[in-house]
Amino acid sequence: MDYKENWDAWDSYTWWWIYLLLFEWISEKIVPTHSRKPIQSKSFRYGRWGWVVFHFIVITTIFLAGVYTGWNLKM
């Protein structure tokens, strides 16, 4: 299968939007609009639970990327 840059990029972009809109529509059916609440910004201030979770995810991701790189590094 040959990659046709313009067609494949457009095709992928179109499917991404269809996927997004489909799941947005499904989520509206499952969770009503009045029950949707974003995380408050003060939860991400120093020492709060959001700050801890965010930094845990970032540090773990960097650590695991280093481990993966170390395992796959060939000298």
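To be clear, the structure that these remarks concern was listed above.
Described below are features of the structure shown in this document. Along each chain, residue indices are assigned from 1 in the same order as the chain's sequence is written. Under the rules for a predicted model, residues below a pLDDT of 70 receive no local features and side-chain atom pairs below 80 are neither given nor counted, while totals for whole chains, interfaces and linings still include all residues. Water and hydrogen atoms were dropped before computing side-chain values, which therefore reflect all heavy atoms in the structure.

## So, the packing of aromatic side chains
Inference 1: Classification of ring pairs uses Phe, Tyr and Trp, with its six-membered ring standing for Trp, and accepts pairs whose centres are within 6.5 Å; under 30 degrees between planes counts as stacked, over 60 as edge-to-face, and the remaining range as tilted. In the structure shown here, the tally under the stated rule is 5 aromatic pairs.
Inference 2: On the basis of an interplanar angle of 70° and a centroid distance of 4.8 Å, the ring pair of Tyr46 and Trp51 is categorised as edge-to-face.

## Considerations on the pattern of salt bridges
Inference 1: Throughout this description, the term salt bridge denotes a Lys or Arg side-chain nitrogen within 4 Å of a carboxyl oxygen of Asp or Glu. Going through the model one piece at a time under the given rule, you end up with 1 salt bridge.
Inference 2: Where Glu24 meets Arg36, a salt bridge forms, and the shortest distance between an N and an O atom there is 3.1 Å. Of the two residues, Glu24 sits in helix 1 (residues 5-30) while Arg36 sits in the loop between helix 1 and helix 2 (49-72), which places them 12 residues apart along the sequence.
Inference 3: The partly exposed category is assigned to Glu24, whose relative accessible area is 35%. Strands here mean DSSP runs of E at least two residues long; helices mean DSSP runs of H or I at least four residues long; both are numbered from the N terminus. When accessible area is computed with a 1.4 Å probe and restricted to protein chains, residues below 20% of their type maximum are described as buried, those above 50% as exposed, and intermediate ones as partly exposed.

## A word on the side chain of Ser43
Inference 1: Mapping Ser43 onto the fold places it in the loop between helix 1 and helix 2.
Inference 2: By relative accessible area, Ser43 is classed as buried at 10%.
Inference 3: Those residues within four positions of Ser43 in sequence are excluded, and the remaining contacts are Arg48, Trp49, Gly50 and Trp51. The contact criterion used is simple: two residues touch if any of their non-hydrogen atoms lie within 4.5 Å.

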